[in-house]
Amino acid sequence: ALKDKETPVLKKRLIASIGFLAVLMYFSMGHMMWGWPLPAWFDGNHVAMGLVQMILAAIVMVINQKFFISGFKGLIHKAPNMDTLVALGSTASYGYSVYALFAMTDAQMRMDMDAVMSYMHEFYFESAAMILTLITVGKMLEAHSKGKTTDALKSLMKLAPKTAVLLRDGKEETVSIEQVKKGDIFIVK
């Protein structure tokens, strides 16, 4: 009953989130900040870059869907919690980025390259994924701490005696813990 089941699940979610977030960060920031090369099919194809970022962010959101389920349930029941804040922040940055992607696609169809470049800088897909990943780190660390506390409780439970020394009719009698009843007098040595 005291086995830590939460930490391994969160660890798997975190590893998957970090993997997809790293790829997302490579496509969204790597070429701008560090000059990392992008695949040739991204040259001049800003819509494709936006679509890839949208898909990668959506994958991270699906991996961490528990935030959305818990957060929006709390909102519906008028009892928001931390997950509500995480879900709203992530949804807002993802939703605005999807709007920017559609607006950029429209601008590209009209051959308005200035608007395309302007909308390209309005993508916040990596922010949506980063919020979820960082909160997952916090949740995993919290679960790990709970697991350590559980281990300490298990150790304490192992120290519990299996027998008790009772005083019955003026004599000491050793009985199993299950035989102890209300009103018995213990001998503590």
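Remember, predicted model here, so these are calculated numbers, not experimental data.

**Concerning the nonpolar core**
Okay, so step 1: The biggest cluster of nonpolar side chains holds 31 residues, and the ones touching the most others in it are Leu 24, Tyr 94, Met 104, Phe 123, Phe 125 and Leu 132.
Okay, so step 2: When residues of this core are traced back to their parent elements, those giving at least two are α1 (6–33), α2 (46–63), α3 (65–76), α4 (82–109), α5 (113–120) and α6 (125–159).
Okay, so step 3: Considering each element in turn, this core owes the most residues, 9 residues, to α2.
Okay, so step 4: Ignoring anything within four residues of it in the chain, the contact list for Met 104 reads His 46, Val 47, Val 116, Tyr 119, Met 120 and Phe 123.

**A closer look at the pattern of salt bridges**
Okay, so step 1: Using the criterion set out here, one finds 5 salt bridges in the structure.
Okay, so step 2: Lys 139 is paired through a salt bridge with Asp 83; the nearest N and O atoms lie 3.3 Å apart. Placement of Lys 139 in helix α6 and of Asp 83 in helix α4 is noted, with a sequence separation of 56 residues between them.
Okay, so step 3: According to the relative accessible area criterion, Asp 83 is buried, its value standing at 10%.
Okay, so step 4: A salt bridge links Asp 106 to Arg 110, with the nearest nitrogen and oxygen atoms 3.1 Å apart.
Okay, so step 5: Using a relative accessible area of 38% as the deciding quantity, one classes Asp 106 as partly exposed.
Okay, so step 6: One salt-bridge network, in which partners are shared between bridges, spans Asp 106, Arg 110 and Asp 112.

**So, the environment of Ser 145**
Okay, so step 1: Tracing the chain through its elements places Ser 145 in helix α6.
Okay, so step 2: Along the backbone, Ser 145 and Leu 101 are 44 residues apart, and their C-alpha atoms lie at a distance of 41 Å.

Parameters at a glance
Residues numbered from 1 in each chain as written. Predicted model: local features only at pLDDT ≥ 70, side-chain atom pairs only at ≥ 80, totals over all residues. Heavy atoms only, no water. Core = buried A, V, L, I, M, F, W, Y, C linked by side-chain atoms within 4.5 Å. Buried < 20%, exposed > 50% of the residue type's maximum accessible area, 1.4 Å probe, protein only. Helix = DSSP H or I, 4+ residues; strand = E, 2+ residues; numbered from the N terminus. Contact = heavy atoms within 4.5 Å. Salt bridge = Lys/Arg side-chain N within 4 Å of Asp/Glu carboxyl O.

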